[in-house]
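For reference, the chains in residue letters:
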Amino acid sequence: MASFYSEDEKSDIESTAAGRDTPRYVPNLTSIPAMPTTPTQQQLERSMSLTTGPAKIDPKVKMAGDFRTLSIHVTDTKEGFNNPKGQKQITDISALEWHTLSATEVCTRFGVSDKVGLDGPIAARRLAKNGKNVITPPPNRWLSKIFWYIFGGFGSLLFVASIICFVAWKPLGEPAPQAPNLALAIVLLVVIAVQAIFNAWQDFSTSRVMASISGMLPADVLVIRDGHTSKIPATELVTGDIVKITLGSKVPADMRVLSCSSDLRFDRSILTGESNPISASVDATDPNFMETKNICLQGTLCTSGSGLGVVVGTGDFTVFGRIAKQASSERTGRTGLQTEILRFVLIIASMALAVAILIIILWGAWLRRDHPGFLSVSALLVDCVSVMVAFIPEGLPVAVTLSLTIIANAMRKSNILCKSLSTVESLGSVDVIASDKTGTLTLNVMTAVNVAFGVENRYSVDEALELVRKDVNGAECVKALAAIAAVCNDAEFESSKGDEPRKINGDATDVGILGFSEKVSPVSDTRSHWRECGKVAFNSKNKFAIKLVKTDSDRSPMPICPSDNFHVSDYLLAVKGAPDVLSRRCSQYMDSDGTTRSLNDAILAGISATQEEYASRGQRVLLIAKKIIRAEELDKNSLSDANALEERLIALNVDLVIVGLIALVDPPKPDTAHTVSVCRRAGIRIGMVTGDFSLTAMAIAQQVGIITNPISQVKHLTDLPKDIPLDQIAPFDRTKELGGPVKSLVLSGQEMMTMTESQWAQTMTFDELVFARTSPQQKLQIVRTFQGAGFNDAPALKQADVGVAVAGGSEVAMEAADLVLLSNFSDIIQGILMGRLCFENLKKTVLYLLPAGSWSELMPVVFNVLCGLPQALSSIQMILICVATDIGPALSLVFEKPEADLLLRKPRDRKKDRLADVKLICHAYFFIGMLESLAAMAGCVRSLDRGSGIHFSQLWLKYGGTDIDPGVLAEATNEAQSIYFFTLIMMQWANLLCTRTRRMSLFQQNPLGGPNTRNLYLFPAMIGALVIGIFFSYVQPIQNVFLTRGIKAQYFFLPLAYGFVILFADECRKWWIRKYPQSLLARIAW
């Protein structure tokens, strides 16, 4: 499963965490609390319809929105947390009192004065006891890593085989030790070393996170110690240190604010992705340690102001330290590809051990008794080694690592960065994508298209401008809307360059409404009449923005109306926000003639209907409101304290006057519908997870093809029974054909709070899903429910099987991800294609390696033991095939282009679609492998008969009891082994061409054809394999050590003829599968 979240939403998730057992000082970023099954009274109150009338809001309540997006639940699991040296473990965040205590009490507990700071000796003792203020890197565990580099995978079997060869050489080989046994032992050690080097390289390539995160922390800080201010390395900070916070400095540790200027602000985007700076205060503003403004967090940036803080957490005990630890920690469990390779290793190892044990049993129960001179103990051990060497495709680990590297580089060229080689393939098995709307599916370019005011007065922007131009009824409302949109707005125009249209910088929504304001009246003129005195920034916590402004003009500029009774000493509170949030804070509305009237249920119903109408078209709706603040309502002193003023403004944000609604449209990206369509054809479900209004989300989902059913057929929570037993809920049908009937479901965040486990299970059976007005916890719940790939949020990235971030997100999310999309949403198509192609090509690689590198090497050992024939392929030649001649062609398969139907197939089922399943192994052993073995054995028999005059009957079932001269037989065997060796090399050419495709003909997927089928690496790899075989068979010193021999020319051409037989047989098989896709042959095809 995959999920995308935009920068607007990623802060919600990255600032969310929950645990299961022991709460601690830092948040758990990988788990999520269970969803409540019953709504609280507060939730029920929040779910009231707009038509029920304005609910009274307690002026002291800071937030009346639906969700708190910075609500980090600071609990953690028992596992995965190491204490810094000497530090006492904090077991519960609720036990931390630093933000709730007064500044004096905090200093008293740390034994420090905010004027003098810590004494030097005390600081030194704390530093020695608790360790430096650094994030502890993950333990290297070099011994363990080196052990698994060497003995992981097939390494342990090969090492045992090498030891056996050494023993077979000496002492069991005495008095005439065989040099080939020693050479084989050394070659096996070389193979182990090569595999260990590749394993280490792959591991090193995935270990880059910790270094990059540590670079985000400051180097030096200003502290007060012994009454003097000095600069010390940030690593030497200890708890209780008094630190000076200045503009532009990074916070070196988690600190409790002791004093601050009124404009002290912190940018927490490095942790949360939230672009708006967070103000600081001396007093607690929230019971949550993570949300209170008198705590500044390590790694955040001071964007304005100055202050003084006392250190309350260092190193791993900071929030940033925990996130860094999570981002650099090893993912629990294995990726799909790691699981498949492990399974394949276990299958091959089990088969090798079973055959080796069988040979030992046959030797002990039969051969030693009936043919005592046939196999010595030394020869028996070498035969067992030959079995292991024969079964194990030694080149597979190298081939897999290089394959993943090549695919990762190809994905990088497609704007997809793979940070972990082992997860390159994972994107190809994604079967669900949950995507955010804004900036992912849409352009994130807002444009005002409609306005509404009074009693259901709805106009397009062009019509509204015409009202102003003609100065008719409604013009005053349009001007007031435009004025508030200009005043309560943080966007700014760039300086004009010639005739070019002026660019607007700022949030997409602010940019959209500022453009509307400029069309009605020059924004510069509107703003020139007003002076900002305070503000509350718009964010996903409160769902509204506030600006307090004042004018010095004797005239009452817009949006002041005569009915406001405005005096020059008064203030204007300009407000914009979500209609469902702000309408409950309003008590009046502005009619079309500019007069102010009382709100009633009918007017609220009209506002709700207008919002739903615009939202059903996919438009985002903002409510614009105002309030006149009399001079006596504001304490003059509060204007100088930004934090106190913000609290006061939120308290004053009641009894507002609704000026009107502005609807903005954020059009889908041009390629979004195509991307969704391709993913649907690929058998992938795409859902939308957004904070937008349900109707808006559903309309956009219909525009881009996420929802294809008519609105009347879309289901909601009320259509899901609460108590259906889980065993009676049919799982989602993965085999459903495209074009058939589909089920659509739209859920809101408030509805998700009340859902039962049965309803969640029913939700997962729908084809088309939209989750609207979702909170951070709910986004994580969705990811966990689908349990697949998480996108662009650090907790979900660590939870998912593969984490995917979109470039431009927060740095922590980028660090936690395994894959990063460097461009846009449409890149996911190429990522899925490359992921599927990676798995397909790895299957082809395994299939190519098994016939010659496993089955055809086993047959000589079987004939040697059971039939008494000389071994037709030496153990050295077996190794050469696996790690030399087969590697190049196997890697050339990595460059294969996707078959035409690859994105038309269903995602692979990880529980059923294996890297090496029974079908593939049977195809490799009993079709390709059997034909190669028979052809190679035929070459050996022909060589013995015509080259040395040794008839086959002279060796069959003789078990060494033949009258042939031993020297002649030994030389004839060496030559026959070389013929077997070259026959396999050249017949593998045919295997390579056959294995390129699963269903398509060689002529349809022409390796010399167009760019969609071309693979020019095949033929150099084939020639390279032959050259390697010639080198090891024709160089005299190598012949003397490995007992290889050159062969006659005719034995180069016979394998080509045999290869054409294999190629023809496989083409016939593929033709039958294409013509009769439901036939038995098609069902057993790999």
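Sequence order as written defines the numbering, with residues in each chain counted from 1. Given that this is a predicted model, residues contribute local features only at a pLDDT of at least 70 and side-chain atom pairs are listed and counted only at 80 or more, while totals for whole chains, interfaces and linings are drawn from all residues. To obtain the side-chain values, all non-hydrogen atoms of the structure were used and water was disregarded.

Structural notes on the overall build of the protein chain
Helix and strand assignments follow DSSP, with helices taken as H or I runs no shorter than four residues and strands as E runs no shorter than two, numbered in order from the N terminus. Each helix and strand in the protein chain was counted, giving 36 helices and 29 strands. Exposure is judged per residue with a 1.4 Å probe applied to protein chains only, and the accessible area is read against the type maximum: over 50% gives exposed, under 20% gives buried, and values in between give partly exposed. For the protein chain, the proportion of its 1086 residues judged to be buried stands at 57%. Sequence separation of 24 or more characterises 78% of the internal contacts of the protein chain that already satisfy a separation of 6 or more. Entry remark: accessible area of the protein chain is about 43,300 Å², with carbon and sulfur atoms responsible for 58%. In this analysis, two residues are considered to be in contact whenever any of their non-hydrogen atoms come within 4.5 Å of each other. To measure how exposed things are, a 1.4 Å probe is used in the Shrake-Rupley method; for residues, cover is taken only from the protein chains shown.

Examining the packing of helix 19 (residues 601-616) against helix 22 (residues 694-704)
To get an axis, a line is fitted to the C-alpha atoms, and for a helix only the part in contact is used. The angle between two axes follows their N-to-C directions and goes from 0 to 180 degrees. Running from N to C, helix 19 and helix 22 point in directions that differ by 20 degrees, and their axes come no closer than 7 Å. Classified by the interaxial angle, the pair formed by helix 19 and helix 22 is roughly parallel. In this structure, the crossing between helix 19 and helix 22 has a hand that is right-handed. Residues Glu612, Ala615 and Ser616 of helix 19 pack against Leu695, Thr696 and Ala699 of helix 22. Any angle that is under 35 degrees is reported as roughly parallel, and any over 145 degrees as roughly antiparallel; angles of 65 to 115 degrees are reported as roughly perpendicular and all others as oblique. Crossing handedness is read from the near helix: turned anticlockwise from the far helix by less than a right angle, it gives a left-handed crossing, and turned clockwise, a right-handed one.

Some thoughts on the pairing of strand 26 (residues 768-772)
For strand 26, the tally of buried residues reaches 5 of 5 residues, placing the bulk of the element in the interior. Of the two faces of strand 26, the one holding Glu768, Val770 and Ala772 and the one holding Leu769 and Phe771 are both buried throughout. By this definition, two strands are paired if DSSP reports at least two bridges between them. As paired strands, strand 24 (residues 685-689) and strand 26 are joined by 3 bridges and run parallel to one another. Residue pairing for strand 26: Val689 is matched across the bridge by Phe771.

Quick look at the pattern of salt bridges
Close approach of charged atoms allows side chains of opposite charge to pair. Salt bridge, as used here: a side-chain nitrogen of Lys or Arg that lies within 4 Å of a carboxyl oxygen of Asp or Glu. As enumerated under the stated definition, the model contains 32 salt bridges in all. Salt-bridge contacts for Arg630 lead to Asp570; the nearest nitrogen and oxygen are separated by 2.6 Å. Of this pair, Arg630 sits in the loop between strand 22 (619-629) and helix 20 (642-652) while Asp570 sits in the loop between strand 18 (544-550) and strand 19 (571-577); the two residues are 60 residues apart in sequence, bridging distant segments of the chain. Across the pair Asp1066 and Lys1070 runs a salt bridge whose closest N-O atoms are separated by 3.2 Å. Here Lys1070 and Asp1066 lie together in helix 35 (residues 1050-1075), a separation of 4 residues that amounts to about one turn. A single burial state applies to Asp1066 and to Lys1070, both of which are buried. Connected through salt bridges with shared partners, the residues Glu840, Lys844, Glu899, Asp901, Arg905 and Arg998 form a single ionic network.

Observations concerning the nonpolar core
One finds Leu188, Ile828, Leu850 and Tyr980 to be the most contacted residues of the largest nonpolar core, which totals 151 residues. How far each domain reaches was decided by an automatic or database domain assignment. Counting contributing residues, this core receives three or more from each of domain 2 (337-411 + 834-900 + 913-1085) and domain 3 (431-442 + 669-800). Residues contacting Tyr980, with those up to four places away along its chain left out, are Ser856, Met859, Pro860, Ala872, Leu873, Ser933, Ala936, Met937 and Cys940. Only buried Ala, Val, Leu, Ile, Met, Phe, Trp, Tyr and Cys residues count toward a nonpolar core, and they belong to the same one when joined by side-chain atoms within 4.5 Å.

A few points about the environment of Arg836
Considering the arrangement of structural elements, one finds Arg836 in helix 28 (residues 827-867). Along the chain, Arg836 and Ser429 lie 407 residues apart, while their C-alpha atoms are 6.8 Å from each other. With near-sequence residues (within four places) excluded, Arg836 lies in contact with Gly428, Ala682, Ile684, Leu902, Leu903, Arg905, Lys906 and Pro907. Pairs of N or O atoms are called polar contacts if they sit within 3.5 Å, as long as, within protein, a hydrogen donor faces a hydrogen acceptor (for residues adjacent in sequence, only side-chain-to-side-chain pairs). Here the side chain of Arg836 touches Leu902 through a polar contact of 3.1 Å, landing on its backbone oxygen. A distance of 2.8 Å separates the side chain of Arg836 from the backbone oxygen of Arg905, its partner in a polar contact.

Quick look at helix 28
In a helix, the anticipated span is given by 1.5 Å times the number of residues less one. For helix 28, built from 41 residues, the straight-helix expectation of 60 Å at 1.5 Å per residue is met to within 8% by its first-to-last C-alpha distance of 58 Å. A residue's bend is simply the angle between two axes: one fitted to the seven residues ending at it, one to the seven starting at it. If you look at helix 28, its biggest bend is around 45 degrees, right at Leu850, and the proline Pro851 turns up within four residues after that. Of all 41 residues making up helix 28, 37 are buried, and the element is well covered by its neighbours. Immediately downstream of helix 28, the backbone of Gly868 shows phi near 75 degrees, a positive value.

Some words on the packing of helix 31 (residues 918-948) against helix 35
Across the interface, helix 31 lies against helix 35 with an axial gap of 11 Å and an inter-helix angle of 155 degrees. In this view, helix 31 runs roughly antiparallel relative to helix 35, as classed from their interaxial angle. For helix 31 against helix 35, the interelement crossing comes out right-handed. Contacts between helix 31 and helix 35 involve His923, Phe927, Ile928, Leu931, Glu932, Ala935, Gly939, Arg942 and Ser943 on the former and, on the latter, Gln1050, Tyr1051, Leu1054, Tyr1058, Ile1062, Ala1065, Asp1066 and Arg1069.

Regarding the sheet that holds strand 3 (residues 228-233)
What the 6 strands build is an open sheet, ordered 3-2-4-10-5-8; its pairing is antiparallel. Two strands bound the open sheet, and with one partner strand each, they are strand 3 and strand 8 (295-296).

Describing the UniProt feature "transmembrane region" (unreviewed entry) in the protein chain
UniProt positions are given in the numbering used here, feature names are shortened, and annotations may be inferred rather than shown by experiment. In the numbering used here, UniProt assigns the feature "transmembrane region" (unreviewed entry) to residues 146-169, 181-201, 341-366, 386-411, 916-938, 978-995, 1016-1035 and 1047-1065. Note that residues 146-169 is 88% helix and 0% strand, and that its end C-alpha atoms are spaced 28 Å apart. Spanning residues 916-938, this segment combines 91% helix with 0% strand, and its end C-alpha atoms are found 29 Å apart.

A few points about the side chain of Thr997
Position of Thr997 relative to the elements: it lies in the loop between helix 32 (966-995) and helix 33 (1018-1034). What makes Thr997 buried here is its relative accessible area of 1%. For Thr997, the side chain forms a polar contact with the main-chain oxygen of Met1000, separated by 2.5 Å. Dropping the residues within four chain positions of it, Thr997 is found in contact with Lys844, Glu899, Gln1005, Lys1070 and Trp1086.

Some words on helix 15 (residues 475-487)
Compared with an ideal rise of 1.5 Å per residue, which puts 13 residues at 18 Å, helix 15 spans 18 Å between its outermost C-alpha atoms and is within 8% of the ideal. When you tally the buried positions in helix 15, you get 11 out of 13 residues, the bulk of the element. Within helix 15, burial applies to Ala475, Cys477, Val478, Ala480, Leu481, Ala482, Ala483, Ile484, Ala485, Ala486 and Val487.

Description of the state of the cysteines
When two cysteine sulfur atoms lie within 2.5 Å, the pair is treated as a disulfide. In total, this model carries 0 disulfides according to the counting rule given. Here Cys561 stays unpaired: no disulfide links it, and the sulfur of Cys477, its closest cysteine neighbor, is 7.1 Å away. For Cys561, a relative accessible area of 5% corresponds to the buried category.

Some thoughts on the pairing of strand 18
Here is the key point about a regular strand: its side chains alternate between the two faces of the sheet. Counting buried positions along strand 18 gives 7 out of 7 residues, so the element sits mostly inside the fold. In strand 18, alternate side chains face the same way, and those of Phe544, Ile546, Leu548 and Lys550 on one face and Ala545, Lys547 and Val549 on the other are all buried. Where strand 17 (residues 531-536) and strand 18 come together, 5 bridges link them in antiparallel fashion. Residue pairing across strands places Glu532 opposite Val549, the latter belonging to strand 18. Direction of pairing for strand 18 relative to strand 19: antiparallel, over a ladder of 7 bridges. Paired with Phe544 across the strands is Gly577, a residue of strand 19.

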